[in-house]
Structure formats: structure tokens, C-alpha cells
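Chain by chain, the residues run as shown.
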Amino acid sequence: MAGAERRRSTVWGKIRAVRCEDVKEWCVRRLPILEWVPIYDWKENLVPDAVSGMMLAIQQVTQDEQTRGAGYLASGQSQPTPGLAFAALSSVHPVFGLYGSFFPVIIYAIFGMGHHVATGTFALTSLISANAVERLVPSTGTNFTANNNSGVLGLSEFEMQRIGVAAAVSFLGGIIQVAMFTLHLGHATFLLTEPVISAMTTGAATHVVTSQVKYLLGMKMPYISGPLGFFHIYAYIFENIRSVQLEALLLSLLSIVVLVLVKELNEKFQRNIKIVLPIDLVLIIATSTACCYADMEYVYGLEVVGHIPQGLPPPKLPAMNVLSEVVTEAFGVALVGYVASLALAQSSAKRFKYTVDDNQEFLAHGLSNVIPSFFFCIPSAAAMGRTALLYSTGARTQVACLISCALVLVVIYTIGAMLYWLPMCVLASIIVVGLKGMLMQFRDLKKYWNVDKIDWSIWVTTYMFTICFAANVGLLYGVVCTIVIVIFRFPRAKTLNLKNMKEVEYKYKTEENCESLKQVKIVTVSNPLVFLNARKFHADLMKIIQKDGTSSQACEDVNKCEQNTLLCSFSNGSCHGESLQPCQSEQCVLILDCSGLNFFDYTGVSMLLQIYMDCKNRHIEVLLACCKASLIKAMQYGGNLESENPIFFESVSSAIDASQIPRVRLTAGVGEGPGCSLSFDKAFIWGNVTYSVNQLCRNILSVFSAASPQSLDCIYHVFPACTFFLSPSLPLQ
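This one's a predicted model, so the numbers in the text were calculated from it and none came from an experiment.

(A) Region of interest: the side chain of Ser380. With respect to the element layout, Ser380 can be found in strand 2 (residues 380–382). Under the relative-accessibility criterion, Ser380 is labelled buried at 4%. Polar contacts involving the side chain of Ser380 include one to the main-chain carbonyl oxygen of Ser368, which spans 3.4 Å.

Set out below in C-alpha cells:
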């Protein structure tokens, strides 16, 4: 009893210790909308956000309805409408794609941290949920509005069963994401390397295109899924090639040509025009009008979207009885959706200079799946096309997404019924063209081959696993394969690298102008640089660079670094023997000693290139010394190293000579252990021989005391006769 009372009192003590400031800070951290709404600049941001919101709403309506394409028409059923493109991929009625463009966007605007991330229906998650829908509620000859009306939205019981399964996948996937947020698994995303994500998304995009082929050709075919289902679909198409509908094929080709041509022109002249032409909307209006007046549904047999219910549905619990049967799809939705969304959020944060919490994104996307599932929504995530649209139209904040929600709501209540005559082949064309960006990732293969052939092999095999099985299987294979390869490569890596002391000698040449002085930071990478430690290496190095001036702060930071980073920071003396502080106008030089970088992968090379660009933006000169030929080649292929001067050098000393560092000459031995260690053998002053011994010792003391307090012991050991002059009690000028 005493123990229970003690624990109870401890809990109550912690509760009473909570302050209002702590509660406010927690709310702002978990509800980012409370942070950006109070400081929203209505004059500066409202107009660009409104324009972006209108353009986003058009794209939401014209592409969120095709989610059903994977087999919804297997039995000759009527087809979905325009704004519901991604609903077609989920094998549900297209109107549910419109709901998926409304509810998740609002939830993410409240909990998400990506200011330029557009959530909603997503092709990859829709395709995954379609597997569960087709497996548990297989296609029958029932029409959208069959006689067995469910009384909900005027749809049949068959349709409501299908959306019940899709909503269950969304609900369970969201619960998994919230659980991952609770376990702080957002920080484990470093396991998802760029080659794996690229291969998985490319493979999934290939699946989506394959699911739309039957609409492009106007064919009737059963739903095909499972292992090697990709190949079975094309085998079925070639076996029944004579059943291709010529009218649908011609309309599909015409739509694709128009879409590609206009989108390329929009991209080429986007700097000269304020508002791009919404070709998707124009195409939908034109084809719907033509189909209506020419009665193409009956004259030519073209499949059209059909009836679209009006209004929002009342909330209803998803089909809980099928949760145990959709676990696989739910995990796929949770992981694939989060990976794709996080990549876009991090990209937008880097582009517009703000930060994104990986773990908070788990919560935001989890709730964006859980709450909308009660309103018949299919799984959601951020989409590349919509996010890129926000970039190009100049969106400033998430208000653009909220404005798009208002316009989508108008469509749901008023305009949706006008989309009855939209041909399905046009919707399929919009989806295929919209996936162009993902499919173009095939061009990355050359880059991976030139940088790291192992990453190239991971990309190819991950893509094949995604094609042969599913996106979630391909993602799992890629992560496991990457970890196994690193485990086998690390033990073979050379971790010790003995260097000649003369190799790191350098000179500080005398300069009369103090403003031309430079500060040099030398970082030795003594371990492999791969996806496991690349992000930490970048973060630690950026912390060091951001320090104002003193090398002592740099050494304190570097002690926190991993064992792969060794920093030696040197500050040069002033003209008149004053304390060795960098001048305000000095130009910093960062030298990366890559002699210990035994092997690397594409992520490591990308991080080095990112460090180079970040330092360049900060006006910091970056030089790389002792690089292996393979690293130089990989960096040259991996990015555009724009520099008038050489950046690769055979040794640290040659890099220092090239940096034209003035004043003092020091001979330094770069240690091989972790942390920041300096061992100075000699110290000389070249230039003014009239310096007194006292002044000389004070300058040397400034160098060592700036490097680290422990360096004073080294001085006493090297210069025992100068203890009096080097005493810390002596004031420095």
C-alpha cells in the first residue's frame, strides 16, 4: 500500500508541476495550425493562396475520381465521374474520390507541418486498397444504382459494401500510423533510401498505368491481381486484342497528346504567364459536352462516369468486421502513403526554408486517414502532382488547400451531377499523363550506375519486386536488402588510416590586410558515409558551420558527432598579435579530408553534394582532399558542381595552399580517433621577425585556447620552457 501511495503521489506531483506554458507549447507542437494562423499575412499571402487554391481544386476534381481504375468495370458497370479519378483505382464509386479530396485536406491543414503539401486521394494507396476491395467484395453484374438501393447517397448495397472495405483499410492504416507516431518511429525513416523510394514509386506508377490500359482501349476485362498479376493483365489484353474499341482508343490518344503538349507548354512558359491553362478542366468540359450532344454512350458504346450523388454523407463507422482481413493492405497504405508524403514534405521544407517533424507527420497523416474513414473516404496521402502545382502557382501557406476544399464542396453540392457524360477513357488519359513525373524516374538508373552500382542493383530489384508483387512488398524488400548490404559492407571497411604528419602541413602566408583573413575548418571523414549515418553527418556539420566564430564551440560540437567525423578547427592570428578572432569580412573555408571514406552509397554522395550547396549558399568555400577516384566520379555524376576553382585536391596541404590562407604557419597532426584532438609539434611565425617571444607565445596561446581548453596541457608539454609566457593568467592583448 505504501508503494502504491508513493506512486500515486508521484503522479499527482508531476501533474501539479505542469504549467500553462507547458500545455500551450504541447498544443502548438501537436497542432501546427495554432502557430501559423495567428501570424498569417492576409495582404501578402491571401491572393496567391486563393489562386493556388482554385487551381488545386480543379486538379482535385479532375484527378481524384480515377482511383477506381483497377477493375471497377469488370462486369460492364457504369463508370465514375471527373473529380473522382483516384476513386476508380480503389474500385469504388467515383463520388468517394471527391470526399477524399475534402476531409483529409482539412485534417492535414490542422495537424500537418508541410505548408506546401497537398493531401487527398493518392494513386498508390488507392491501388493497394483496391486489392482488398476486389478480394472481399468481388465484381458482379450489379450496376451503380441497382434496385437493391442502400438508402445512402442513392447507391446500391454493392457499392456501399465496397466503400466499407476501402474505408476499413483507411481506418486501420491510419491507426497504424498513429501507433507509429506514439512509438516515435518517424525518426527511423533514414532506412528508406532514395533508390528504394524511387524504385517503389516507379513500380507503383507502372501498376497504375497498367490498371488504366483497359479504359484507354475500351476493353471489358475481369479484375486481375496477386503475384505476377501485372503480366497476366497484359497477357489477357494481347489474347483479346480484337475487342479493343477503336473510338475509345482514338479519343484516348487525342486526349494524351493534348494533355502532354499543353502541359509541356505551360511548364516552358510558366515564368511568362501568371496563370497556367487548366487543360484537365478544359478537356473534361469539352469531351463531356461532345459526348452529351453526340450521344456517344449509346451510338459508339463509350463508357461514361454516370450518376454522381450530391451532398456530403452522414458519418458512419467503417466495416469493422473486415479489419482482420485487410491488415496487409493497411500496412501497405500506412507505409507507402507516409513515405511518399514525407518525401514531399521534406522537399517543400528544404525549398521554402522551414522544418518538418518526421514524427508529427505520422500523426497528421494517421488522423487524415482515421477521421475521414467515417465519411466514406478512401486512403489518402500527399501527391506529387498536386504539391508541384502549389509550387508553380505560388502558394504561401496551407490556406491554399483550405480554399480548394471550399471549392470542392461547391462541386459536391452543385456541379458534380454535370459530370455524368465524361468518358472514362478521358479520365484514364488524365491519370496516365499525371504519372509522367514518377515514370520519368527511370532516368535515374544512369545516375545510380555511375555513382554506386550496388544502389543501381537495389533500384532494379526493388522495381521488379514491386512489379511482380505489390508496392508494399517492393518497399519491404528494398529496406531489407539495403540493410543486409550495409551489414556486409561495414565489416570490410578500413576504419584506420595512418597518415604522414607532413601531409597535413600548411602555411599561413603574411597579409597586410586583416580583412582578407580566412577561417579554416578541417573535417576528416574516417568511416563509410551511407544512408545510416548520412543525415547525422549533415546535421552535425551544419551545427558546426552555424557557430559564430570560436573554434572552441566547434570542438564542443564535434565531440557530439559520430565516430565518422573528426574536426580540426584553426583560427588565424591578427596583424598585431591581438586575440585570434575572425574578422567580420573573413571568408570561411571548409576542407573535407576524405582519405578515410572507404565506401559510400548514393545517399552518402547526395549528402556530400547537399553539404556543398548549403555551404555555397552560406558563402563558405568547400574543398575536398584525398578523394578516391570513384568518389570524384560519383559526385560529378550525382550533381552539378558549379565552381570556377578546383574543389578536389590530392592532399590537405594542397587544398590549404589553394585556399590562399594568410599569416601564420602551423604544423598540425590530424588525429585518428573520434572527437576533436590536436597535437602541434612546432609553431612558427613567418613574416615580421620583430615579434617578441612574449607576443609569439600569446598568439600561440590564442590558437590553442580557441581550439579547446585541453590544448593548454599540450602546450605545457611541448613548450615547458615557456610556461611563464603561456600562463593563462597573463592577459591577452
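(B) Here's a closer look at the layout of surface pockets. In this structure, the second largest pocket spans a volume of roughly 1,200 Å³. Considering the residues around the second largest pocket, the lining is formed by 37 residues, among which Gln59, Lys263, Gly385, Ala388 and Leu389 are closest to the centre. Put simply, the parts of the chain that give the lining of the second largest pocket at least two residues each are helix 4 (42–63), helix 12 (246–268), helix 13 (279–294), helix 17 (384–392), helix 19 (424–434) and helix 20 (436–439). Sort the elements by how many residues they give to the lining of the second largest pocket and helix 17 lands first, with 7 residues. Grouping the constituent residues of the lining of the second largest pocket by class yields 20 nonpolar, 9 polar and 8 charged.

(C) Structural detail: the packing of aromatic side chains. Under the criterion given, the structure shown has 18 aromatic pairs. Considering the side-chain rings of Phe96 and Tyr99, the 5.9 Å spacing of their centres and the 70° angle between planes classify their relative orientation as edge-to-face. Of this pair, Phe96 and Tyr99 both sit in helix 6 (residues 95–100), separated by 3 residues, roughly a single helical turn. Here Phe96 and Tyr99 have matching classes, each one buried. Lying over the aromatic face of Tyr448, Lys447 brings its terminal NZ or CZ to 5.9 Å of the ring centre. One cation-aromatic arrangement involves Lys453 over Trp449; the distance from NZ or CZ to the ring centre is 4.8 Å.

(D) Up close: a nonpolar patch on the surface. There is a patch of nonpolar side chains on the surface, built from Leu476, Val480, Val484, Ile487 and Phe488 and spanning about 500 Å² of accessible area. Here Phe488 lies in helix 23 (residues 471–489).

(E) Representation of the environment of Ile454 within the structure. The residue Ile454 is located in helix 22 (residues 453–468) in this model. C-alpha separation for the pair Ile454 and Thr482, spaced 28 residues apart in sequence, amounts to 9.3 Å.

(F) Main features of the packing of helix 7 (residues 103–111) against helix 18 (residues 399–415). Following both chains from N to C, one finds helix 7 and helix 18 inclined at 155°, their axes separated by 9 Å at the closest point. On the basis of the axis angle, helix 7 is roughly antiparallel to helix 18. The crossing of helix 7 and helix 18 is left-handed. Of helix 18, the residues touching helix 7 (which contributes Val105, Ile106 and Ala109) are Cys401, Leu402 and Cys405. Taken together, the residues of the contact of helix 7 with helix 18 sort by class into 6 nonpolar, no polar and no charged.

(G) Structural detail: the environment of Ser643. Along the chain, Ser643 turns up in the loop between helix 27 (629–638) and strand 8 (648–649). Note on Ser643: relative accessible area 38%, which makes it partly exposed. The sequence separation of Ser643 and Lys616 amounts to 27 residues, and the corresponding C-alpha distance is 9.5 Å.

(H) Quick peek at the confidence of the model for the protein chain. When pLDDT is averaged along the protein chain, the result is 74; 72% of the residues meet or exceed 70. Under a pLDDT of 50 for its full length, residues 141–147 has, in the predicted model, 21 contacts with residues more than four places off or in other chains. Here residues 661–696 scores under 50 on pLDDT; set against residues more than four positions off or in separate chains, the count is 101 contacts.

(I) Highlighting empty space enclosed by the protein. Summed over the entire model, instances satisfying the criterion amount to 7 cavities of 30 Å³ or more. A volume near 90 Å³ is recorded for the largest cavity. Contributing to the lining of the largest cavity are 14 residues, with Asp455, Ile458, Thr482, Val486 and Asp601 lying nearest its centre. Broken down by secondary-structure element, the contributors of at least two residues to the lining of the largest cavity are helix 22 and helix 23. The biggest single contributor to the lining of the largest cavity is helix 23, with 4 residues. The class makeup of the residues in the lining of the largest cavity is 8 nonpolar, 3 polar and 3 charged.

(J) Region of the structure containing the packing of helix 9 (residues 157–182) against helix 16 (residues 358–370). Packing of helix 9 against helix 16 brings their axes to within 7 Å, and their N-to-C directions diverge by 160°. If you check the angle between helix 9 and helix 16, you find them roughly antiparallel. Considering the relative orientation of helix 9 and helix 16, their crossing is left-handed. Facing Ser170, Phe171, Gly174, Ile175, Gln177, Val178, Met180 and Phe181 of helix 9, the residues of helix 16 in contact are Asn359, Gln360, Phe362, Leu363, His365, Gly366, Leu367, Asn369 and Val370. Split into classes, the residues belonging to the contact of helix 9 with helix 16 amount to 9 nonpolar, 8 polar and no charged.

(K) Structural context of the side chain of Ser170. The topology assignment puts Ser170 in helix 9. The exposure class of Ser170 is buried, given its relative accessible area of 1%. Beyond its immediate sequence surroundings of up to four residues, Ser170 is in contact with Asn369, Val370, Ser373, Cys377, Ile378 and Pro379.

(L) View of unusual backbone geometry. Phi angles above zero are rare outside glycine, and Asp295 is one such case at about 50°. Tracing the backbone through its elements, the reader meets Asp295 in the loop between helix 13 and helix 14 (296–299). A relative accessible area of 29% places Asp295 in the partly exposed class. The phi dihedral of Cys626 falls on the positive side, at around 60°, and the residue is not glycine. Relative to the helices and strands, Cys626 resides in the loop between strand 7 (621–625) and helix 27. A relative accessible area of 12% places Cys626 in the buried class.

(M) Broad picture of helix 7. Of all the 9 residues making up helix 7, 7 are buried; the element is thus mostly covered by neighbouring parts of the structure. Those residues of helix 7 lying buried are Phe103, Pro104, Val105, Ile107, Tyr108, Ala109 and Phe111.

(N) Expanded view of the nonpolar core. In terms of nonpolar packing, the biggest core is built from 119 residues, with Phe96, Tyr99, Ile163, Val208 and Leu435 touching the most fellow members. Tallying contributions element by element places helix 9 first for this core, with 12 residues. The contacts of Leu435, once residues within four sequence positions are left out, are Ala123, Ala205, Val208 and Val209. Core analysis: the second largest hydrophobic core is formed by 38 residues, Val525, Leu609, Ile620 and Val622 among them.

Thresholds applied
Residues numbered from 1 in each chain as written. Predicted model: local features only at pLDDT ≥ 70, side-chain atom pairs only at ≥ 80, totals over all residues. Heavy atoms only, no water. Helix = DSSP H or I, 4+ residues; strand = E, 2+ residues; numbered from the N terminus. Buried < 20%, exposed > 50% of the residue type's maximum accessible area, 1.4 Å probe, protein only. Polar contact = N/O pair within 3.5 Å; in protein donor to acceptor, adjacent residues only side chain to side chain. 1 Å grid on protein atoms, 1.4 Å probe; cavity = no way out; pocket = protein on both sides within 12 Å on 5 of 7 lines; lining within 4 Å. Points joined across faces, edges and corners; volume = space filled by probe spheres on them. Nonpolar A, V, L, I, M, F, W, Y, C, P; charged D, E, K, R; others polar. Phe/Tyr/Trp six-rings, centres within 6.5 Å; stacked < 30°, edge-to-face > 60°. Lys NZ or Arg CZ within 6 Å of the ring centre and 35° of its normal. Patch = residues over 30% accessible without salt bridge, like charges linked within 9 Å, V, L, I, M, F, W, Y side chains within 5 Å. Areas by Shrake-Rupley, 256 points an atom, 1.4 Å probe, with all protein chains shown as cover. Salt bridge = Lys/Arg side-chain N within 4 Å of Asp/Glu carboxyl O. Axes fitted to C-alpha atoms, helices over the stretch in contact; angles between N-to-C directions. Parallel < 35°, antiparallel > 145°, perpendicular 65-115°, else oblique. Left-handed = near helix turned anticlockwise from the far one by under 90°. Contact = heavy atoms within 4.5 Å. pLDDT = per-residue confidence, 0-100. Core = buried A, V, L, I, M, F, W, Y, C linked by side-chain atoms within 4.5 Å.

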